[in-house]
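Letter by letter, the chains look like this.
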Protein chains: 2
Amino acid sequence: MSKMLKVYIAGPDVFFPNGDDVMRHKGELALSYGFEPSTMAENDLDPKGVSAFAFGCQISAANERMMRESDFVIANLTPFRGIAADVGTAFEVGFMRALGKPVFAYTNSARGYFERLTEDFYEGKATRQSDGYIRGPDGMMVENHGMVDNLMLDASVDESGGVLIRRDVPSGDLYNDVAAFEECLIEAKRRLG
Amino acid sequence: MSKMLKVYIAGPDVFFPNGDDVMRHKGELALSYGFEPSTMAENDLDPKGVSAFAFGCQISAANERMMRESDFVIANLTPFRGIAADVGTAFEVGFMRALGKPVFAYTNSARGYFERLTEDFYEGKATRQSDGYIRGPDGMMVENHGMVDNLMLDASVDESGGVLIRRDVPSGDLYNDVAAFEECLIEAKRRLG
């Protein structure tokens, strides 16, 4: 019997209206593919009498411990509160990448970062400038690497042996749909299992 | 003579209208405090005949190499294209944190994440719900740890022995002002030098 691989489930899901359900569902799915989801230990958090800041540091320390214990990560990069992935999730992808662990990721919004930036954020008003770069009306350079998000994220998936699943999920199900998460599990089983 | 410590300068500055000038200025400032800024090697990038995606991966690989070579990071967490830090920068903070390297950071917007989220993003429409959490009209939970950004970022600074400088810079200078960056250098010299 080989040891069960442990997966760190990263994403802004904890903030979702149905966050508890989504997290539980993801944990069950991971187990059904033979992976152990990393979980908080009972004594990780002790909010009594500590500041909100110190409590935040407790959560961070627990997450860092879980990441170090995990063998790979599946990150939800669906745009969160804007056109980009959740920054906490981006931090965690970088953390796992630095440790040399495979990064699997998905987004429930199939459009690329360039499209979200030029169409949604700049509303079609980004144009090519005399310096050769496409820039928004605010002068900010618009990059286009045909990627889902910032190149550090996409490249870390590519270079670490993971996959990045893009799905076009209707906006009403953007935060419930775990089909792309399950595709990551299937690929992880095939590549790491 | 002790070896010069190397600093990885992280941030969305490369996208700024005056990105080249800001980056050069930051490099000179770092040197003036006795730190060597990490730089690309001449053969890091070879865009000829490769896809935009592959070129993005070259940039990523160069950044990862520079991070591994560096002794600490100074990250620009000023909100970028929305209410949160740049996700590429968040990735890099996580990367350096996983390697156990001190994280120094700053933001040119002194307001906290809670204020940006409730005032700017939710325009005052987030309210406390029956489950005890403050939530936006979209049902998303609003966290408040008295932090600058996602707790993984603030905590990584705090736990790694760095500092997080908040400055209230007028919006016209948000992307030029390097005073907070210089404060990070002063603190890094005091703590690591």
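Preceding block: the structure.
A brief report on the enclosed structure follows. If you're wondering where the values come from, they're calculated on a predicted model, not measured in any experiment. (Residues numbered from 1 in each chain as written. Chains lettered and ligands numbered in written order. Predicted model: local features only at pLDDT ≥ 70, side-chain atom pairs only at ≥ 80, totals over all residues.)

Let us now look at the relation of the copies chain B and chain A. Rotating chain B by 180° and moving it 0.0 Å along the rotation axis overlays it on chain A with an RMSD of 0.0 Å. What we have between these two chains is a two-fold relation. Both copies present the same face, since 100% of the interface residues in chain B are matched by interface residues at the equivalent positions in chain A. (Least-squares fit on C-alpha atoms with pLDDT ≥ 70 in both. Contact = placed C-beta atoms within 7 Å.)

Looking now at unusual backbone geometry. Residues and elements named next belong to chain A. Here R81, not a glycine, exhibits a phi torsion of approximately 55°, which is positive. Mapped onto the secondary structure, R81 falls in the loop between strand 3 (72-76) and helix 3 (87-98). When the 19 C-beta atoms within 10 Å are taken as the criterion, R81 is described as partly exposed. In this model, E123 sits at a positive phi of 45°, which is unusual for a non-glycine residue. Position of E123 among the secondary structure elements: in the loop between helix 4 (113-121) and strand 5 (127-128). (Helix = DSSP H or I, 4+ residues; strand = E, 2+ residues; numbered from the N terminus. Buried ≥ 20, exposed ≤ 12 C-beta atoms within 10 Å, placed from the backbone.)

All names here are of chain B. Within the open sheet, the 5 strands sit side by side as 2-1-3-4-7. Their pairing is parallel. The sheet is open, and its two edges are formed by strand 2 (36-37) and strand 7 (164-166), each paired on a single side. Where strand 1 (residues 6-10) meets strand 3 (residues 72-76), 4 bridges bridge the pair, whose relative direction is parallel. Among the inter-strand pairings, I9 is bridged to a residue of strand 3, identified as I74. Packed onto the sheet, helix 3 (residues 87-98) meets strand 1, strand 3 and strand 4 (103-107) and runs at close to 160° relative to strand 3. (Pairing = 2+ DSSP bridges. Axes fitted to C-alpha atoms, helices over the stretch in contact; angles between N-to-C directions.)

Bringing the pairing of strand 4 of chain B into the picture now. Residue and element names in this part refer to chain B. For strand 4, the tally of buried residues reaches 5 of 5 residues, placing the bulk of the element in the interior. Here strand 4 shows two buried faces, one formed by V103, A105 and T107 and the other by F104 and Y106. Pairing between strand 3 and strand 4: 4 bridges, direction parallel. The residue of strand 4 that forms the bridge with N76 is Y106. One crossover worth recording links strand 3 to the parallel strand 4 by way of helix 3, and it is right-handed. Bridging between strand 4 and strand 7 involves 3 bridges; their strand directions are parallel. Residue pairing across strands places Y106 opposite I165, the latter belonging to strand 7. (Right-handed = clockwise from strand over helix to strand, strands pointing away.)

This part covers the packing of helix 5 (residues 151-160) of chain A against helix 2 (residues 52-69) of chain B. Helix packing for two helices is described by the angle between their axes and how far apart those axes are. Two elements in contact, helix 5 of chain A and helix 2 of chain B, have axes whose closest approach is 9 Å; the angle formed by their N-to-C orientations is 90°. Relative to helix 2 of chain B, the element helix 5 of chain A lies roughly perpendicular. Facing helix 5 of chain A, whose interface residues are L151, M152, D154, A155, S156, D158 and E159 of chain A, helix 2 of chain B presents G56, C57, I59, S60 and N63 of chain B. Classifying every residue of the contact of helix 5 of chain A with helix 2 of chain B by side-chain character gives 5 nonpolar, 4 polar and 3 charged. (Parallel < 35°, antiparallel > 145°, perpendicular 65-115°, else oblique. Nonpolar A, V, L, I, M, F, W, Y, C, P; charged D, E, K, R; others polar.)

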